[in-house]
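# Observations on the three-dimensional arrangement
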Amino acid sequence: MKLFTKLSTAIVFAAVGATGATAADMSDEMTIVSWGGAYSTSQLKAYHEPYMEKTGIKIINDESSAEAVAKLRAMDEAGNVTWDLVDVVASDAIRLCDEGLAEEIDHDKVLAKAPDGSPASKDFGDLIVSQCFIPQIVYSTAFGYRTDLVGDKKPTSVCAIFDTKTWPGKRSLEKRPINNMEWALLCDGVAKDKVYDVLATPAGQEQALAKLGTIKDDVIWWSAGADTPQLLADGEIVMGSTYNGRLFSVIEEQKQPVAMLWDAQVFDLDGWIVPAGLSDERKARVMDYLKFATDTQRLADQAKYISYGPARKSSAPLVGKHASLGIDMGPHMPTDPANAKNTFLYNYEFWADYRDDIDAKFQAWLAK
């Protein structure tokens, strides 16, 4: 199946059968919040559709994950939580857990064991960065570039983003500080293992913003993961950042003249949190879904549709070919040795602690 460029917000995917849990013991509808685009499509094919067929429960897909923290805070304040399950990055899961807005999970009680009988906590290992977090995938934020717009000299370093003399033209960067601040410091001479020490200081934050300021007039700022692939496909930018799965789609599915720049790709985790305050009935339904959707086979199945690594160790050997393209997915994963020669490890705890303050500073800088 060709991946959709964009899934419409709050589409109701209707079930076609009922052989498992029923409306008698669970609600017959569940709102799941995710990111849209190719990623939501991979979830739809790998586990939403199979779960709906198995249970008869309808899944409403909402694409509000980028605003998940703010919206869950507002729902909690209003005493009206309308979401059942939310897909978030690891640092947001930590924040939501610390604020009491996400449920703590007994992973070994709620989630399926590995095929060899190992408990879920062992299978997911260190990727369980919070007791509220159920990991799904390892992904990265990386750069893609137009092969026909970079000239004879292909970029090999992430610092090409700041070199407008060698590679003139517009760039795209996400409209938030995460990753941009790290890349800016790396390309301003800060050692990789010192980046977060520097970024923790007001002077370091100003240093990162000053470096970003050298290309500010050449940047198109994006908010949705699909923006950069579209800008690349339209030839409006020479290079830009986005999630590696989105770049896979524009390169391998759409066959656009785009190539990956894996240098200093930022590894990150994505997974589920269960909002606090759900009724017992809604919570039971969510836990049933989580056990199904995060088992070894389902997470491996997701890699048939998008180039993100499954979070379970037991899923990795089951990753095979793309569902429609027939190409091996391993070499397109951010964790492939050829792609992971120079990675940057995202610091979840740092951004959980500093996100709100640096966000405010970054947005004020953008508005100048």
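These figures come from a predicted structure and were not determined experimentally. (Residues numbered from 1 in each chain as written. Predicted model: local features only at pLDDT ≥ 70, side-chain atom pairs only at ≥ 80, totals over all residues. Heavy atoms only, no water.)

### Looking at the confidence of the model for the protein chain
Rules: By definition, pLDDT measures how confident the predictor is in each residue, and it falls between 0 and 100. Two residues qualify as a contact provided that any one of their heavy atoms is within 4.5 Å of a heavy atom in the partner residue.
Summing up the model confidence of the protein chain, the mean pLDDT is 90 and the portion of residues at 70 or higher is 93%. Contacts of residues 1-26 to residues separated by more than four positions or lying in other chains number 74 contacts, the stretch itself having pLDDT below 50.

### Looking at the side chain of T294
The condition is simple: The way it works is that DSSP assigns letters per residue, a run of H or I at least four long becomes a helix, a run of E at least two long becomes a strand, and they are numbered from the N terminus. Each residue gets one of three labels from its accessible area relative to the maximum for its type: buried under 20%, exposed over 50%, partly exposed in between, using a 1.4 Å probe on protein chains only.
Residue position: T294 is located in the loop between α11 (280-293) and α12 (296-302). Residue classification places T294 among the buried positions, given a relative accessible area of 0%. Sequence-distant contacts of T294, defined by excluding residues within four places in its chain, comprise L111, F124, I134, W272, L299 and R312.

### Brief notes about the packing of aromatic side chains
For clarity, the cut-off: Stacked, edge-to-face and tilted labels apply to pairs of Phe, Tyr and Trp rings (six-membered ring for Trp) whose centres lie within 6.5 Å, assigned for plane angles under 30 degrees, over 60, and everything in between, in that order.
According to the stated counting rule, one finds 17 aromatic pairs in the structure shown. Measuring from ring centre to ring centre gives 5.8 Å for W221 and F362, while their planes differ by 80 degrees; the resulting arrangement is edge-to-face. Taken together, the residues W221 in strand β7 (residues 219-222) and F362 in helix α13 (residues 348-367) connect sequence positions 141 residues apart. Consider the rings of W272 and Y289, whose centres lie 6.2 Å apart with planes at 80 degrees: the pair is edge-to-face. Here Y289 lies in helix α11 and W272 lies in strand β9 (residues 258-273), a separation of 17 residues in the sequence. In terms of burial, W272 and Y289 fall into one category: buried.

### Here's the deal with the nonpolar core
Basically, it comes down to this: We call a set of buried Ala, Val, Leu, Ile, Met, Phe, Trp, Tyr and Cys residues a nonpolar core when their side-chain atoms join them within 4.5 Å.
In this structure, M181, L199, L212, Y289, L290 and W351 are the most contacted members of the largest nonpolar core, which totals 88 residues. Those residues in contact with M181 that lie beyond four places of it in its chain are L199, Q205, A208, L209, L212, W351, I358 and F362. The next biggest cluster of nonpolar side chains, apart from the first, holds nine residues, and it includes A38, Y139, W222 and Y243.

### Considerations on α11
Where we set the bar: Between the first and last residue of a helix there are one fewer steps than residues, each counted as 1.5 Å, and that sum is the expected span.
Taking 1.5 Å of rise per residue, 14 residues should cover 20 Å, and α11 covers 20 Å from first to last C-alpha, within 8% of that figure. Turning to α11, its buried residues number three or more, namely R282, R285, V286, M287, Y289, L290, F292 and A293.

### Overview of the environment of A210
Of note, A210 is situated in helix α8 (residues 202-213). You can call A210 partly exposed: its relative accessible area is 48%. Remark: the alpha-carbon pair of A210 and I134, spanning 76 residues in sequence, is separated by 37 Å.

### Here we look at the pattern of salt bridges
Pairing is possible between side chains that carry opposite charge, provided their charged atoms lie close to one another. Rules: By definition here, a salt bridge exists when the distance from a side-chain nitrogen of Lys or Arg to a carboxyl oxygen of Asp or Glu is within 4 Å.
Scanning all chains against the criterion turns up 17 salt bridges. As a salt-bridge pair, R312 and D123 come within 2.8 Å of each other at their nearest N and O atoms. Taken together, the residues span a long stretch of sequence, with R312 in the loop between β10 (309-310) and β11 (343-345) and D123 in helix α5 (residues 120-124) at a distance of 189 residues. No difference in accessibility class separates R312 from D123, as the two residues are buried. Because the salt bridges share partners, they merge into one network encompassing R73, D92, R95, E99, R355, D356 and D359.

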